[in-house]
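Topology and contacts: notes
One letter stands for each residue in the lines below.
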Amino acid sequence: MFQEVTFSFREINFSVIGQYVDYLVKEQGVKNIFVNGTTGEGLSLSISERRRVAEEWVTKGRNKLDQVVIHVGALSLKESQELAQHAAEIGADGIAVIAPFFLKPWNKDVLINFLKEVAAAAPALPFYYYHIPALTGVKIRAEEVLDGIQEKIPTFQGLKFSDTDLLDFGQCVDQNRQRQFAFLFGVDEQLLSALVMGATGAVGSTYNYLGKKTNQMLEAFERKDFSSALNHQFCIQRFINFVVKLGFGVSQTKAIMTLVSGIPMGPPRLPLQKASREFTDNAEAKLRSLDFLSFNDLKDGNLEACS
Ligand SMILES: CC(=O)N[C@H](C=O)[C@@H](O)[C@H](O)[C@H](O)CO
Ligand SMILES: CC(=O)C(=O)O
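Residues numbered from 1 in each chain as written. Chains lettered and ligands numbered in written order. Predicted model: local features only at pLDDT ≥ 70, side-chain atom pairs only at ≥ 80, totals over all residues. Heavy atoms only, no water.

The protein is annotated in an unreviewed UniProt entry as N-acetylneuraminate lyase from Equus caballus. Taken verbatim from the UniProt record of the protein, the Subcellular location (unreviewed entry) comment is "Cytoplasm". Turning to the protein, the UniProt record has this under Subunit (unreviewed entry): "Homotetramer." (UniProt positions renumbered as here; feature names shortened; annotations may be inferred.)

Within the protein, the secondary structure is distributed over 13 helices and nine strands. For the protein, whose C-alpha radius of gyration is 19 Å, the value lies close to the compact-globule estimate of 19 Å for 307 residues. Taken along its principal axes, the extent of the C-alpha atoms in the protein is 60 × 50 × 35 Å. Each of the 307 residues in the protein was classed as buried or not, and the buried ones make up 52%. (Helix = DSSP H or I, 4+ residues; strand = E, 2+ residues; numbered from the N terminus. Rg over C-alpha atoms; globule rule 2.2 N^0.38 Å. Buried < 20%, exposed > 50% of the residue type's maximum accessible area, 1.4 Å probe, protein only.)

Turning our attention to the UniProt feature "active site" (unreviewed entry) in the protein. When the UniProt feature table is mapped onto this chain numbering, "active site" (unreviewed entry) sits at Tyr-130 and Lys-160. A maximum C-alpha distance of 4.7 Å is found for the annotated residues, which run over 31 residues; spatially they form one tight group. Locating Tyr-130 in the fold gives a position in strand β6 (residues 127–131). The class of Tyr-130 is buried, set by a relative accessible area of 4%. In this structure, Tyr-130 is in contact with Phe-34, Thr-38, His-71, Val-97, Ile-98, Ala-99, Lys-160 and Ser-162, ignoring residues within four places of it in sequence. Position of Lys-160 among the secondary structure elements: in strand β7 (residues 156–161). Overall, the relative accessible area of 4% leaves Lys-160 in the buried class. Each residue touching Lys-160, except ones within four places of it in the same chain, is listed here: Phe-34, Tyr-129, Tyr-130, His-131, Leu-184, Gly-186 and Val-203. (Contact = heavy atoms within 4.5 Å.)

Our focus in this paragraph is the site of ligand 2. The full set of residues close to ligand 2 is Phe-34, Gly-37, Thr-38, Thr-39, Tyr-130, Lys-160, Val-203, Gly-204 and Ser-205. Between ligand 2 and Tyr-130 there is a distance of 2.7 Å, counted from an oxygen atom to a side-chain nitrogen or oxygen. Residue Lys-160 places a side-chain N or O atom 2.6 Å away from an oxygen atom belonging to ligand 2. For ligand 2, the protein covers 91% of the area, taking 210 Å² as the surface of the free molecule. (Near = heavy atom within 4 Å. Polar contact = N/O pair within 3.5 Å; in protein donor to acceptor, adjacent residues only side chain to side chain. Areas by Shrake-Rupley, 256 points an atom, 1.4 Å probe, with all protein chains shown as cover.)

Here we come to the nonpolar core. The biggest cluster of nonpolar side chains holds 88 residues, and the ones touching the most others in it are Trp-57, Ile-70, Leu-115, Phe-239 and Ile-256. Here Phe-239 is in contact with Tyr-209, Leu-210, Ile-256, Ala-283, Lys-286, Leu-287, Leu-290 and Phe-292, once residues within four sequence places are set aside. One finds Val-69, Ala-96, Ala-182 and Leu-184 within the second-largest nonpolar core, a separate group that totals six residues. (Core = buried A, V, L, I, M, F, W, Y, C linked by side-chain atoms within 4.5 Å.)

This part is about the pattern of salt bridges. Inspection of every chain in the model, using the stated rule, returns ten salt bridges. Between Lys-64 and Asp-22 there is a salt bridge; the shortest N-O distance is 2.9 Å. Pair noted here: Lys-64 is in the loop between α2 (47–61) and β4 (67–71) and Asp-22 is in helix α1 (residues 17–28), with a separation of 42 residues, a long-range link. The class of Lys-64 is partly exposed, set by a relative accessible area of 36%. Residue Arg-51 pairs with Glu-82 through a salt bridge whose shortest N-O separation is 2.9 Å. Here Arg-51 is found in helix α2, whereas its partner Glu-82 is found in helix α3 (residues 77–90), with 31 residues between them in sequence. For Arg-51, a relative accessible area of 26% gives the class partly exposed. Among the residues examined, Glu-82 registers a relative accessible area of 34% and is labelled partly exposed. (Salt bridge = Lys/Arg side-chain N within 4 Å of Asp/Glu carboxyl O.)

Put into structure tokens, the structure is as follows:
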């Protein structure tokens, strides 16, 4: 959600967050929000911007959203603690932390020591570890991180797992069956497989615009209608597979969010670059042919349509 100010710098447009809360709840059926993570370019924001974004989501989401979890990971432990404490002060429902990714923890114990210090700054808030090895470069397996974590971090509540290693994910679930952890899966195109493995929820970028579709898949899974759950997953895959081939990342996600919601997300911030017009046009055509965007003039005889 950035507003173009000059050619080289973008400021956050806080004023659309309230509108976006209503959009997510009403149009996408999304009532749990993960703030300042990957999609929100949390690591590209200043600390004061992160504080303001968090405040805006918590305030505008009051009585509308179920949970607002703030990502407070940072390279500086001190900054991370400041953000954790701030999340507690504003009444957020939880905090999440990625592994520090410049000077990196080299083993599980060191990573836990870091996470523990952040969690201690918000001792009343549920704590989530955000595992995203492809972006942090910290490849310590989540299953190892979770082993004994509650003794070190009493507020530990769950894992946000953004990786395709379903052996690791499955073992996280299997080894912690007696504990009431949340296992939140973060690879949207594989969510159904993760549900089978025991995922209890999902956090992902595509739920901004495929939330409704994904909820249909979750409902089908709940009623054990696996063939329609699979149809929904395949529909979602068709779209993601298409955009992945065009080059898909946070910038492109932002363009699609603007397109589908009609609420201007603005361009991303450097080092990211705005998605090309060509990308957006192609993505839009695909969304229409899959019937993910309404007023579809291809409806009759459209074999690809998903709904
Ligand atoms: C790297 C990244 O951004 N991961 C997101 C969540 O963690 C996902 O939601 C993906 O954007 C999505 O699965 C599409 O590949
Ligand atoms: C998509 C997601 O999980 C994130 O923005 O961190």
